[in-house]
Amino acid sequence: MIYQKEILLPPFGRGFHLITNIIVENLPDLPEQGIISLFLQHTSAGLTISENFDTDVRTDLSKSFDMLVPEGKEHYSHTSEGPDDMPAHIKSTLTSVSLTIPVRKHQIYLGKWQGIYLCEFRNRKQQRKAVITILS
């Protein structure tokens, strides 16, 4: 079985946003076992899996990425959409735009403290598109 659905994520401002519940709400009845592929159709945002319990993790991730890839560096050539343009592309490359998550016993099979994050790297809020594909 192959299932595929495109979803629109709500507009989020810059930062790391827990979207596990949004993804789960958009899933059909899951097979006994399989794989979920989650693909973000953008080059200035990313996806990652990280701790879902302590909200300080989101803040620390955001601050750390901003320290690793700061805005306004003179060596950036691609700045046509503002000072956050090239840093957002670099950060999305560091996180990736896709995730693969196992399905087990008809459920998304994340670890106890794991959650799915949308990593928004642009300063302005924008709606993002994602594609969910399920293989069983």
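Everything in this summary refers to the structure shown in the same document. Because the structure is a prediction, the values reported are computed rather than measured.

This part covers the overall build of the protein. When helices and strands are tallied, the protein shows three helices and eight strands. In terms of C-alpha radius of gyration, the protein reaches 16 Å, essentially the compact-globule figure of 14 Å for 136 residues. Principal axes of the C-alpha set define a box for the protein whose edges measure 50 × 30 × 20 Å. Put simply, the protein has 136 residues, and 42% of those count as buried. Carbon and sulfur atoms make up 52% of the accessible area of the protein, which amounts to about 7,800 Å² in all. When the 14 positive and 15 negative side-chain charges of the protein are each reduced to one mean point, those points stand 2 Å apart.

What follows covers the packing of aromatic side chains. The geometry of an aromatic ring pair is captured by the separation of the ring centres together with the interplanar angle, meaning the angle of the planes. By the definition in use, this model includes four aromatic pairs. Each ring, one from Phe16 and one from Phe65, has its centre 5.4 Å from the other, and the planes form 65°; the classification is edge-to-face. Pair noted here: Phe16 is in strand β2 (residues 15–18) and Phe65 is in helix α2 (residues 56–68), with a separation of 49 residues, a long-range link. Between the aromatic rings of Phe53 and Trp113, the centroid separation amounts to 5.4 Å while the plane-to-plane angle is 70°, which identifies the pairing as edge-to-face. With a gap of 60 residues between them, Phe53 in the loop between β4 (45–51) and α2 and Trp113 in the loop between β6 (107–108) and β7 (114–120) connect regions that are remote in the sequence. Exposure remark for Phe53: the relative accessible area of 61% places this residue in the exposed category. We classify Trp113 as partly exposed; its relative accessible area is 46%. Among the aromatic residues, those joined into a ring-pair cluster are Phe16, Phe65 and Phe121.

Moving on: the nonpolar core. Core analysis: the largest hydrophobic core is formed by 22 residues, its most contacted members being Ile19, Ile36, Leu38, Ile116 and Ile132. For this core, the secondary-structure elements that each account for two or more residues are β1 (2–12), β3 (33–40), β4, β5 (98–104), β7 and β8 (126–135). Excluding residues that lie within four positions of it along the chain, Leu38 makes contacts with Ile23, Leu47, Val97, Ser98, Leu99, Ile116, Ala130, Val131 and Ile132. Formed by six residues, the second largest nonpolar core is a distinct cluster that contains Phe16, Phe65, Tyr117 and Phe121.

A cluster of nonpolar side chains, namely Ile2, Ile35 and Leu135, defines an oily patch on the protein surface of about 290 Å² accessible area. Counting through the fold element by element, Ile2 comes out in strand β1.

Turning next to the side chain of His17. Locating His17 in the fold gives a position in strand β2. At 2.6 Å, the side chain of His17 and the backbone oxygen of Gly13 are in polar contact. For His17, the contacting residues outside a window of four places in its chain are Phe12, Ile116, Tyr117, Leu118 and Glu120.

Thresholds applied
Residues numbered from 1 in each chain as written. Predicted model: local features only at pLDDT ≥ 70, side-chain atom pairs only at ≥ 80, totals over all residues. Heavy atoms only, no water. Helix = DSSP H or I, 4+ residues; strand = E, 2+ residues; numbered from the N terminus. Rg over C-alpha atoms; globule rule 2.2 N^0.38 Å. Buried < 20%, exposed > 50% of the residue type's maximum accessible area, 1.4 Å probe, protein only. Areas by Shrake-Rupley, 256 points an atom, 1.4 Å probe, with all protein chains shown as cover. Lys, Arg positive; Asp, Glu negative; His and termini not counted. Charge placed at Lys NZ, Arg CZ, Asp CG, Glu CD. Phe/Tyr/Trp six-rings, centres within 6.5 Å; stacked < 30°, edge-to-face > 60°. Core = buried A, V, L, I, M, F, W, Y, C linked by side-chain atoms within 4.5 Å. Contact = heavy atoms within 4.5 Å. Patch = residues over 30% accessible without salt bridge, like charges linked within 9 Å, V, L, I, M, F, W, Y side chains within 5 Å. Salt bridge = Lys/Arg side-chain N within 4 Å of Asp/Glu carboxyl O. Polar contact = N/O pair within 3.5 Å; in protein donor to acceptor, adjacent residues only side chain to side chain.

These results come straight from atomic positions and should not be treated as a statement about function.
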